[in-house]
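# Residue-level structural notes
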Amino acid sequence: MIYLDAAATSQVRREAIEAMFPYLTGAFGNPSSHHGLGEQAARALAEARQAIADVVGSRPDEVIFTSGGTEADNLALKGIALARRAADPQRNRILLSAIEHPAVLESARYLQRVHGFEIAELPVDAEGFVSERSCAEALAPDVALLSVMYANNEIGTVQDLTGLSALAARHRVPVHTDAVQAAGWLSLDTGELGVQAMSLSGHKFGAPKGIGALVLRSPTPIEPLIHGGGQQAGLRSGTENVAFAVAFAAAAQLAEAERVEAAVRVSALRDEFIQAVLGRVPGAQLTGPASGRRLPSVASFCFRGTHGESVLLELERRSVICSSGSACAAGSSEPSAVLLALGLGAELAQTAVRFSFPSAVTGTELAAAADAVVEAVAALTRFRGAAPKR
Ligand code: PLP
């Protein structure tokens, strides 16, 4: 099997399993307990928090563990918008890019539906970039929060967060970024990026599913969403998942240590793969940036005359695993909202396929995958081409 669906999820790294194993077995204490076993768990949690803080350039008390990227996005959008408006009632508008993950978009829609916020979407160009100009025009004293994803999960577009954050800072608007897909490939330094809040998800880089974090740079105001025993400074109650936090930290440290080398190597392989597909598959069209600011691990195409789901099946028959649109939208027959936002027609958007590479992908695997794509698309378009003309 050639696994090219790393943006959906990754295999749990052995080092992460080994790091967490003690906290599932002998060292199983509750970190809030006042005895040796509890203190041992609390120490492990504190170390995990410090490790994540080192990766994102924050203080450890600015790391809030969550159940994953979706919860981190919900906490950021709802928590910050509600707190900002409570402090300053005119701040009633949420700015989003037009290509946000549903975890961000649906959180904003909830705020609109239930709490009366307004949403303003920042358009993107044909490659998925938010322009500084449209952002500057939309920023105003009534904006509570700007949320722009760091790297897009479907087309790999990497936004210029530093530039957008600098604009937002002039209006004292906090910036949240969903960095779920960026982790392991791009620098997560919140200071350099100028963001106040960043969502992460462990299962995208070798930790188990069900653990993530919201990094919240002080003094950004936030209203907690989950109430209870007051864990994590009252910002996210509930007994912490110590073992998963430890695995998350171990995977994050490894991903960060390997990041620069992996990004250079995989970017070169990605470009070869893109050239092979565009050169050999008639009607193939790249989606997202043609060059430059594209996630090293993502190559996404439309294959005119096919259907994305059919291409997936043909590829799986040839042992290549990938995805059509985003995994979160899989199963729905709606064309991807991200592709529509780029200006693609609905029919073409239905033909989209995303290949996303694990950091250990090899050139041999991608050469075989390119052959499989050529065959798969030919198998699906052959009959159309052979159809008698009327
Ligand atoms: N944000 C982005 C950009 C994603 O790609 C995903 C997962 O696909 C999520 C958020 C949701 O993360 P999780 O699966 O940890 O809830």
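In what follows, the accompanying structure is described. (Residues numbered from 1 in each chain as written. Predicted model: local features only at pLDDT ≥ 70, side-chain atom pairs only at ≥ 80, totals over all residues. Heavy atoms only, no water.)

It is worth spelling out helix α8 (residues 242–280) at this point. The end-to-end C-alpha distance of α8, which contains 39 residues, comes to just 49 Å, noticeably less than the 57 Å that a straight helix rising 1.5 Å per residue would cover. Approximately 55° is the largest bend angle found in α8, and it occurs at R259. (Helix = DSSP H or I, 4+ residues; strand = E, 2+ residues; numbered from the N terminus. Expected span 1.5 Å × (residues − 1). Bend = angle between axes of the 7 residues up to and from the residue.)

Okay, the sheet that holds strand β12 (residues 352–356) next. Here 3 strands make up an open sheet; going across it, the order is β9-β10-β12 and the pairing antiparallel. Sheet topology places β9 (284–287) and β12 at the edges, where each strand pairs with a single neighbour. Across this sheet, the average inter-strand angle for adjacent strands is 30°, counted without regard to direction. Across the sheet, α8 touches β9, β10 (298–303) and β12, and the angle it forms with β10 is around 10°. Relative to the sheet, helix α9 (residues 308–317) contacts β10 and β12, its axis offset from that of β12 by approximately 45°. (Pairing = 2+ DSSP bridges. Axes fitted to C-alpha atoms, helices over the stretch in contact; angles between N-to-C directions. Contact = heavy atoms within 4.5 Å.)

Where burial is concerned, most of strand β7 (residues 197–201) is hidden: 5 out of the 5 residues are buried. Neither face of β7 is left uncovered, since the one carrying A197, S199 and S201 and the one carrying M198 and L200 both have all their residues buried. Sheet analysis places strand β6 (residues 175–178) next to β7, joined by 3 bridges and oriented parallel. Bridge pairing in β7 places D178 opposite S199. Examined bridge by bridge, β7 and strand β8 (residues 212–216) share 5 bridges and lie antiparallel to one another. (Buried < 20%, exposed > 50% of the residue type's maximum accessible area, 1.4 Å probe, protein only.)

In this section: unusual backbone geometry. Put simply, S218 and P219 share a cis peptide bond, and its omega is 0°. In this structure, R172 is a non-glycine residue whose phi angle is positive, near 55°. Examined against the element boundaries, R172 turns out to sit in the loop between α6 (161–170) and β6.

Attention now moves to α6. Turning to α6, its buried residues are L161, G163, L164, S165, L167 and A168. Tucked into the core, α6 has its buried residues touching α5 (132–138), β5 (143–147), β6 and α7 (190–193).

What follows is about the nonpolar core. Buried together is how nonpolar side chains tend to be arranged in soluble globular proteins. Counting residues in each nonpolar core, the largest one holds 96 residues, and the members touching the most others are L188, L200, F273, F303 and F355. Broken down by element, the residue count for this core peaks at 15 residues, all from α8. With 20 residues, the next largest nonpolar core counts L75, L105, F117 and L216 among its residues. (Core = buried A, V, L, I, M, F, W, Y, C linked by side-chain atoms within 4.5 Å.)

The subject of this paragraph is the site of the ligand. Not every one of the 14 residues close to the ligand is listed here, only the nearest: T70, D178, Q181, S201 and K204. Against a free-state accessible area of 400 Å², the protein chains account for coverage of 88% of the ligand. By residue number, the principal contributor to the shell around the ligand is helix α3 (residues 69–87), which donates 3 residues. For the shell around the ligand, the per-class residue count stands at 3 nonpolar, 8 polar and 3 charged. (Near = heavy atom within 4 Å. Areas by Shrake-Rupley, 256 points an atom, 1.4 Å probe, with all protein chains shown as cover. Nonpolar A, V, L, I, M, F, W, Y, C, P; charged D, E, K, R; others polar.)

It is the contact of α3 with helix α4 (residues 102–115), at a shortest axis distance of 8 Å, that shows an interaxial angle of 35°. Handedness of the crossing formed by α3 with α4: right-handed. Residues T70, D73, N74, L77, K78, A81, L82 and R85 of α3 form the contact with α4, whose own contacting residues are A103, V104, S107, A108, Y110, L111 and H115. Its residues assigned to classes, the contact of α3 with α4 shows 8 nonpolar, 4 polar and 3 charged. (Left-handed = near helix turned anticlockwise from the far one by under 90°.)

A word on the packing of aromatic side chains. Counting across every chain of the model gives 7 aromatic pairs. Centre to centre, the rings of F65 and F248 are 6.2 Å apart; their planes meet at 75°, and the pair counts as edge-to-face. Separated by 183 residues along the polypeptide, F65 in strand β2 (residues 63–66) and F248 in helix α8 bring together distant segments of the chain. On the accessibility criterion, F65 (4% relative accessible area) is buried. Taking the relative accessible area as the measure of exposure, F248 reaches 0% and is therefore buried. Among the aromatic residues, those joined into a cluster by ring pairs are F273, F301, F303, F355 and F357. The lysine or arginine in question, K78, covers the ring of Y110, its NZ or CZ lying 4.5 Å from the ring centre. Sitting over the ring of F117, R85 keeps its end group 4.0 Å from the ring centre. (Phe/Tyr/Trp six-rings, centres within 6.5 Å; stacked < 30°, edge-to-face > 60°. Lys NZ or Arg CZ within 6 Å of the ring centre and 35° of its normal.)

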